Amino acid sequence: IETDDGPRQYPAPDPNWVMPFIDVSAEVDPRASAEVWMHHDLGHPSNLTQGPLFTVALFRAAPDHFFYYQRFHHIVADGASKLMLAQRVASFYSALAEGRPAEAGNVGSWFDLLDDEGEYRSSARYVRHRDYWREQLENLPEPVTFSGKPPARSRRIIRRTDYLPGTVTDALRALGTAHGASFPQVITAAVALYMHRLTGARDLTLGMPVTTRIGEKRQRIFGMVSNNLPLRLTIEPGDKLVDLWHQVARRMRGALRHQRYRMEDLRRDLGLRPDETDAYGTVVNVLPFDYHLSFAEYPVREHLLSAGPVDDFAIIVSDHLYGCDARILFSANPEHYTAEELAAHQQRFVASLGQLAVA
């Protein structure tokens with residue numbers, strides 16, 4: 001809500017909320033019909049002062065085939081929270097179906113997160129983290145983009161999904177392990193190298209989403225605590241790939257040690273106006289979440305419809321979903337890229353990962 005002292009947030013249960021149940025089993029393409037409804041919901045802006053700030057719905061596609069849909073505004077939930085809720089819904093459903101008591105579990109309170117954040121912001125650690133990021137971002141150049149255009153706000157997104165064979169994923173992981181780099185670090189280095197080859201940029205910054213769920217308390221509380229950090233890298237034409245892996249690993253470790261310093265604070269430190277985009281164009285996100293769920297005897301497969309707004313370009317890798325190939329989702333701002341350009345970038349990048357795996 002808006003007050004004379006500025007915006008204020010408070011929990012307000014909605015006694016009139018009803019979970020939609022939609023039967024699409026009679027449609028020619030039940031999944032397509034369900035997704036039309038979902039994308040309409042995704043495209044409908046949330047009213048932050050009136051709500052609702054979420055949607056949860058169930059679709060029947062066949063007697064033994066259902067779609068469970070959940071969408072949250074980022075002001076109330078992050079990616080880890082969405083998984084947390086899905087796990088709890090599946091747990092309660094399974095208990096009811098099997099005739100056993102449901103375990104509420106120890107989920108903690110949102111107010112615990114507020115107290116924890118208050119303690120951090122008044123600590124010496126907060127000052128150290130601020131100084132670290134100010135040093136990292138000194139003389140930061142303009143964001144590098146594939147399109148050559150500066151990132152810009154957009155309500156629309158174009159997307160394209162491909163899959164990386166499990167053999168390639170395993171080879172990349174083994175290659176990284178041999179050189180002291182994790183799988184997310186290998187993917188991030190591959191994106192940086194791809195950008196350098198296409199743009200010629202030597203000083204580039206990637207966006208790196210992080211959970212900031214450090215400690216047991218923050219891992220079990222539903223809420224918005226994730227953060228986006230700038231990962232600044234330097235690439236010279238003669239650099240060896242192993243040198244880039246080491247640099248990415250070193251910079252990512254440094255960023256993770258200082259990940260609690262909010263991007264909102266970084267924006268103020270950089271003097272960015274509210275209508276300006278962040279200090280990076282391309283976002284790289286390797287999702288660590290495990291969506292292996294089951295609703296009693298029904299197994300679950302997760303489908304990512306949206307990971308939030310994209311100012312320029314985003315590459316999201318879901319590692320080893322369902323024990324098989326890794327999914328690579330490319331998203332872009334349609335003001336900067338056509339669907340054909342997005343497809344070309346995805347095909348080239350996936351091919352480059354395949355070449356890297358056998359190098």
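Residues numbered from 1 in each chain as written. Predicted model: local features only at pLDDT ≥ 70, side-chain atom pairs only at ≥ 80, totals over all residues. Heavy atoms only, no water.

Participant: I'd like to hear about the packing of helix α6 (residues 183-199) against helix α8 (residues 241-257), residue by residue, with values.
Facilitator: Direction vectors running N to C along α6 and α8 enclose 115°, while the axes themselves pass 9 Å from each other. Crossing of α6 over α8 shows right-handed handedness. From α6, Gln-185, Val-186, Thr-188, Ala-189 and Leu-193 reach across to α8, where they touch Leu-241, Leu-244, Trp-245, Val-248, Ala-249, Met-252 and Arg-253. (Axes fitted to C-alpha atoms, helices over the stretch in contact; angles between N-to-C directions. Helix = DSSP H or I, 4+ residues; strand = E, 2+ residues; numbered from the N terminus. Left-handed = near helix turned anticlockwise from the far one by under 90°. Contact = heavy atoms within 4.5 Å.)

Participant: A description of helix α1 (residues 30-42) should follow, citing residues and the corresponding values.
Facilitator: With 13 residues, α1 extends 18 Å from end C-alpha to end C-alpha; this agrees with the ideal 18 Å at 1.5 Å per step. For α1, the set of buried residues is Pro-30, Ala-34, Met-38 and Asp-41. Taken around the axis of α1, the buried residues stretch over an arc of 60°, which confines them to a single face. Facing away from the buried side of α1 by more than 90 degrees, the exposed set consists of Val-36 and His-40. Elements that come into contact with the buried residues of α1 comprise β4 (54-62) and β5 (65-72). (Expected span 1.5 Å × (residues − 1). Buried < 20%, exposed > 50% of the residue type's maximum accessible area, 1.4 Å probe, protein only. Arc of directions from axis to C-beta.)

Participant: Quick one: what's the story with the pattern of salt bridges, residue by residue and with numbers?
Facilitator: When the charged atoms of two side chains with opposite charge come close together, those side chains can pair. For the structure shown, the criterion picks out 19 salt bridges. Across the pair Glu-98 and Arg-100 runs a salt bridge, and its minimum N-O distance is 2.7 Å. Overall, Glu-98 belongs to the partly exposed group, its relative accessible area being 47%. By relative accessible area, which is 40% here, Arg-100 ends up partly exposed. (Salt bridge = Lys/Arg side-chain N within 4 Å of Asp/Glu carboxyl O.)

Participant: Pulling in residues and values, what's your account of helix α4 (residues 124-136)?
Facilitator: For α4, built from 13 residues, the straight-helix expectation of 18 Å at 1.5 Å per residue is met to within 8% by its first-to-last C-alpha distance of 19 Å. Regarding α4, the residues found buried are Tyr-126, His-129, Tyr-132 and Trp-133. Along the long axis of α4, the arc covered by the buried residues comes to 125°, so they all point the same way. In α4, the exposed positions that point more than 90 degrees away from the buried face belong to Ala-124, Arg-128 and Glu-135. Among the structural elements, α3 (110-121), β8 (227-234), α8 and α9 (263-269) are those in contact with the buried residues of α4.

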